[in-house]
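An overview of the molecular structure
The chain contents come next:
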Amino acid sequence: SLERAGPANDGMCYTMRGINMNDKGLIAPLHKLIEYSSCKFLAIGDGGNELGMGKVWDRIQQHIPLGPKIGCVVPAHHLIVAGIS
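Residues numbered from 1 in each chain as written. Predicted model: local features only at pLDDT ≥ 70, side-chain atom pairs only at ≥ 80, totals over all residues. Heavy atoms only, no water.

The two faces of strand β1 (residues 42-45) differ: Ala-43 and Gly-45 on one face are buried, but Leu-42 and Ile-44 on the other face are not. As defined by bridge partners, β1 adjoins strand β2 (residues 78-81) across 4 bridges and the pair is classed as parallel. Bridging from a neighbouring strand, Ile-44 pairs with Ile-80 of β2. (Buried < 20%, exposed > 50% of the residue type's maximum accessible area, 1.4 Å probe, protein only. Helix = DSSP H or I, 4+ residues; strand = E, 2+ residues; numbered from the N terminus. Pairing = 2+ DSSP bridges.)

What follows is the structure, given as structure tokens:
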């Protein structure tokens, strides 16, 4: 399990404030490990931009500020949604 930002619709990873982490060189493409693995993926997220939150992507779009921009599209097999990390 992990809490880590994942790619949004445009393939970029964002902070909760909408800052593009890829452009600033702040994040490695760890989501590729999940995409190419057959292992079950447990994720923890609290803001909508974390890997795994794609499992509730529709809710992120509706209820999270900047959700349509920052919402991660990579779903987890099992997701723990928290109020704070």
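The subject of this paragraph is the side chain of Glu-50. Position of Glu-50 among the secondary structure elements: in the loop between β1 and α2 (57-63). Here the side chain of Glu-50 touches Asp-46 through a polar contact of 3.3 Å, landing on its backbone nitrogen. Residues within four places of Glu-50 in sequence aside, it is in contact with Glu-3, Arg-4, Ala-5, Gly-6, Ile-44, Gly-45 and Cys-72. (Polar contact = N/O pair within 3.5 Å; in protein donor to acceptor, adjacent residues only side chain to side chain. Contact = heavy atoms within 4.5 Å.)

A separate point is the state of the cysteines. All chains considered together, the criterion is met by 0 disulfides. Here Cys-13 is not disulfide-linked; the sulfur of Cys-72 is the nearest cysteine sulfur, at 7.1 Å. Looking at Cys-72, the relative accessible area reads 0%, which means it is buried. (Disulfide = S-S within 2.5 Å.)

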